[in-house]
Structures are given as structure tokens and as C-alpha cells.
Amino acid sequence: MDLFSSSASRRTLHIVTEHAPGLPCCDNGGMRPSIGLLPKLALFFLALALPALLAMDFVRASLEFRSLTATLESDAMRSEVQREQAALARHLVERELSGLGTARDLERWVLQLARRTHAVLGEHALTLAEQRNEPIRAFLVDSRGTLVAESNTGRFEPEFKDWLIKQMDDPGANLRAHRIDERFIWLVPLQGISDRHLVLQVVLDTPAHNFLGRARIEWPIMLLDGLLFALASAFFLRAWVTARLARMRSAAAGWRAGDLKTRIADTSGDEIGAISAELDRVPDALEALMKAQGALAGADERARLARDLHDTVKQKTFGLSMQLAALEASMPRDHRADALADCRTLVADIQRSLVEIIDDLKPLPAHPLSVRLQNDIEDWSRRSGIAVSLDLAAADLVTTEPAMHIEAIVSEALANVQRHSGARRVNIQLTHDQSRFTLRIEDNGSGGAKPGSTGSGRGLDHLASRAQDMPSGSCHIDSDERGTRIVIRWFTSQSPTSTS
């Protein structure tokens, strides 16, 4: 049978690639997309993992293919072909050139080349197994190109036909090798047998062709690996990302509803934890801003009320007082004159009360409480002639709102001392002990002051009312023949800050 008489048909691998249409952009009227973060992350990692696995497998196959081709062209492979031709020549001589068992010898050699235990190609056994079904084939031919025996493990590649016939014309040459793309062939004459030649053929597929050919089996496995990887990543991200983002969203909803006590309370030290810690400071800043805005709005309203009272009621009562004085001066001193004098006294009391109310409504000056108290008390002492002993060490620790009540309490208490006590000395002390403040006002007057009495001004009840408006505030008044002692206490839940 002639080695080149049969023509092998070629099979062509057709690859049809279907392009998946792009996802359309849906117009949902500005609403949020319905798909959540977790499915997005799973889809993202699936789209990332599957190409990565395919790329790594292709790179691995390319490196193994390059190593295999280098081995096929090595001196070790040439020595293997020489060794086999010597063994085959010896067997033919022993069988008297009958050729019996030669096909089995060729097939045995081909099978040995593809085993993991082979000295030359053993490390490439897996790469050879991934190639076509029978990548290696051995032939025994005579000098005319007639097939004597074959391994029955593949077909001869027609691409080597011209080269092999040309080499047959040079029977004196030893081992010859040739490569066309990924096809390798060795031709070596048998020692001592002039008309017999051993032919070894190795036909490989390119990494790309081999990779696509194995796609029907390996791609579903890679797809499953990608799905498992995507699911594992999604659940991991659910525990470490989306669940924490949900807590942030819940806290934001609470803040939007007015609950500024809600906190995210994420104690982890990563980026999300750092963002959560910064967000947890937002409610405190908002609360402080709201208080500051409220205080500013209240100060503006107080200033407006004080201005209106000064420009209207106070001026009118002053005019009424002047009219009563003129009427009293023009009338004889009888019972009607005494009634007018009582009216004039009542108008004076109204004016004094208006002055106190206007002073309370005025915005606090931009000075520390200690400076404001010292200036007011020293002015009062000069006007009244009553000596004052001051200890205001803790005054600047009082916050803004209690400071307004303290000024009004001191002003009312000093007014009562001047009107009713007959005292010659007053001691005022403001102290602080941890979270509690204490204000003491003591005089050495005649005493007799009782809570609930209605003296001039707004009375002692006003002091108790002012004290109760402060945090956990209390007012204690003790009055006897030694004088009157007023003790105001209040607490604060925040660290005291300097008021300016």
C-alpha cells in the first residue's frame, strides 16, 4: 500500500458567535432602579470571574504548549527516536525481516511516549491528552515510500509528503526532522537495513484551537465556578457592605424624622466604619445648630419685644405719671389728693416693672457672665450705698440659657434687698461642684422675707420660678432676724463651656 495514495479529508470547525444585545436603558420616570446592590455585585463578579478563569486557562495552555514544542525539538527527543529505530532494527533482524509484530512495536512506542512515566514527554502527558484524540503516529516505510507497518493511532499529514519524498532520495543521511506550524516529523533509516525507514509524526493543535475545541466540556465547569464565586462574594459583601449600608440608611431615616438620638454605631475600622463614625457626629452638630438658631431667633424676638415695650407702654405710663403729678400739684390736699398720690405710686411701680421686663428681654452682651454680673452689682452698690462681697469664680462656666436666669435672679434679689431689708452688706457667691452649680445671696438685713409674699417688683416667687426654669433647678429662701439667705441650685447634663 502506498503511503501517499490515500487522501485525508479535512474537517473544518465552524464557530458561531452570538452577540448578546446590550441592556436597554429603561426610563422609569426618575424612580430608583428595582435591582438591588447584592444582585449587581453578584453579576459584576460573575462577569469578572468567568473571563478571568478563561484567560488564566488560556495562558496556562499556551505556556504548556510552548514547553511541549520545545521538548519535541530538543536533543532528548532526537535521542529517543534514535533509540527506538535501533530497537526496531534489532527486532526485525531477529525476525529475519519478516515484519511480524512490527505494528505492535510501533503502537507500543506511541503509547509509551504519551505516558506520564516516559523520560522525555512524561511531564507533557496532560498536554498531549488535551490535544486531538491521537496526536502521535509512527510508520515504517521502505525506500520507495511504500507503507510497511503503522501504529494505527492516527493518519499521515499530507503536508509532509513533498518533504518526505525529497528526503528519501538521500538514503545516506541520518536522523532528519521537520516542522510545519504545529506539525512535527522525524525520519531515520534503520541501522543495518537499507530499505527501511522509521517515521514519527506529532500533530498538535494551537492553544486557541485546542481551547475552543474543549469549550463544550470546560466552559460549563468554568461557568459553575464563576457562579459559586459570585454567590460567595455576594454573601460576603452582604455581611460586610450592604448590611452596614442598611444601618446607615435606617439611621438617616430616623434623623429625617427628627430622632437625633439614633446612631449607626459601626465600630469597624475600615472605610465604611470611618464614614459611619463621621455620620454619627452629624446629629450632634445638627442639634447644636438648631439650638444656636433657636437662641438667635429668640434673641431677635426678645429685642423686638423690648423695643416695642419701651416705645409704647413705657412712654405712655411715663406720660400718665406726669399728668397725675400735675393734677396732684393743682388740687388741695384732701381725700382726692391722697387717691391721686396712690395712683402715682402705682404708675411708678408699673414703670419699674416694665424696666425690669425690658432688661430681661434685651440680648445678652458679648461679655462673659462674670464681667456682666460684676458691672451690674458694682453699679447697684454705688446707687444703693450697700457694700457687696463677690465670689464669681464659676460664673464663666455657666452656659448661655442659665446665665440669663442668673442675671435676672441677682437683679431681683438686690432690688428686694434695697427696698425691704435695710441691710448694710450683701454677700454673693457662685460656685461649681462637678455638674452642680450653686448661687448664694446673703444680706444682714432685718429679715422677714417669705416666699409667696407680694412685695414690690415681682416678689420672691419670681426667684423660685426662674430657678425652676433651669435644669433640675431649685430655690431655697431662709429669712430671720440675722438677715435673708437665698440659695439657688441647678444641674447641667453637658460639660460646662465658657459663655461669651
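Residues numbered from 1 in each chain as written. Predicted model: local features only at pLDDT ≥ 70, side-chain atom pairs only at ≥ 80, totals over all residues. Heavy atoms only, no water.

### Brief notes about the confidence of the model for the protein chain
- For the protein chain, the average pLDDT comes to 76, and 74% of its residues sit at 70 or higher.
- Throughout residues 4-33 the model reports pLDDT below 50, and contacts reaching past four residues in sequence, or to other chains, amount to 13 contacts. (pLDDT = per-residue confidence, 0-100. Contact = heavy atoms within 4.5 Å.)

### Remarks on the side chain of Gln201
- Along the polypeptide, Gln201 turns up in strand E5 (residues 197-203).
- When its relative accessible area of 2% is taken as the criterion, Gln201 is described as buried.
- Side-chain polar atoms of Gln201 contact the backbone nitrogen of Glu157, separated by 2.9 Å.
- Among all residues touching Gln201, those that are not within four sequence positions of it are Pro135, Ile136, Arg137, Phe139, Arg155, Phe156, Glu157, Phe160, Phe184 and Ile185. (Helix = DSSP H or I, 4+ residues; strand = E, 2+ residues; numbered from the N terminus. Buried < 20%, exposed > 50% of the residue type's maximum accessible area, 1.4 Å probe, protein only. Polar contact = N/O pair within 3.5 Å; in protein donor to acceptor, adjacent residues only side chain to side chain.)

### Details of the nonpolar core
- Counting 30 residues, the largest nonpolar core has Val410, Val426, Ile428, Leu439, Ile441, Ile488 and Trp490 as the members making the most contacts within it.
- Elements with a contribution of two residues or more to this core: helix H11 (369-384), helix H12 (400-421), strand E7 (425-433), strand E8 (436-443), helix H13 (459-468) and strand E10 (483-491).
- A total of seven residues in this core trace back to one element, the largest contributor, which is H12.
- When neighbours within four sequence positions are excluded, Val410 is seen to be in contact with Leu373, Ile377, Ile428, Leu439 and Ile441.
- Listed in part, the 29 residues of the second largest apolar core include Leu128, Leu175, Ile193 and Val202. (Core = buried A, V, L, I, M, F, W, Y, C linked by side-chain atoms within 4.5 Å.)

### A look at the packing of aromatic side chains
- Applying the stated criterion across every chain, the model contains two aromatic pairs.
- A ring pair is formed by Phe437 and Trp490, whose centres lie 5.1 Å apart and whose planes are at 10 degrees; its orientation type is stacked. Linking Phe437 in strand E8 with Trp490 in strand E10, this pair joins segments that are 53 residues apart in sequence. The same class applies to Phe437 as to Trp490, namely buried. (Phe/Tyr/Trp six-rings, centres within 6.5 Å; stacked < 30°, edge-to-face > 60°.)

### Describing the pattern of salt bridges
- Enumeration according to the criterion identifies 18 salt bridges in this entry.
- Note that Arg83 is salt-bridged to Glu84, the shortest N-O span being 3.5 Å.
- The shortest N-O distance in the salt bridge between Arg281 and Glu278 comes to 2.8 Å. You can see Arg281 and its partner Glu278 sitting in helix H8 (residues 271-311), three residues apart, about one turn around the helix.
- Under the relative-accessibility criterion, Arg281 is labelled partly exposed at 49%.
- Here the residues in one salt-bridge network are Glu80, Arg83, Glu84 and Arg108, joined through shared partners. (Salt bridge = Lys/Arg side-chain N within 4 Å of Asp/Glu carboxyl O.)

### Notes on the sheet that holds E10
- In space, the five strands of this open sheet follow the order E6-E7-E8-E10-E9, with mixed pairing throughout. In this open sheet, the two edge strands, each paired with only one partner strand, are strand E6 (387-391) and strand E9 (474-480). On average, each strand axis in the sheet is tilted by 10 degrees relative to the strand beside it, whichever way the strands run.
- Here five bridges tie E6 to E7, and the two strands are oriented parallel to one another. Looking at E7, one finds that Val388 is bridged to Val426.
- Each of E6 and E7 touches H11; the most contacted strand, E6, lies at about 165 degrees to it. (Pairing = 2+ DSSP bridges. Axes fitted to C-alpha atoms, helices over the stretch in contact; angles between N-to-C directions.)

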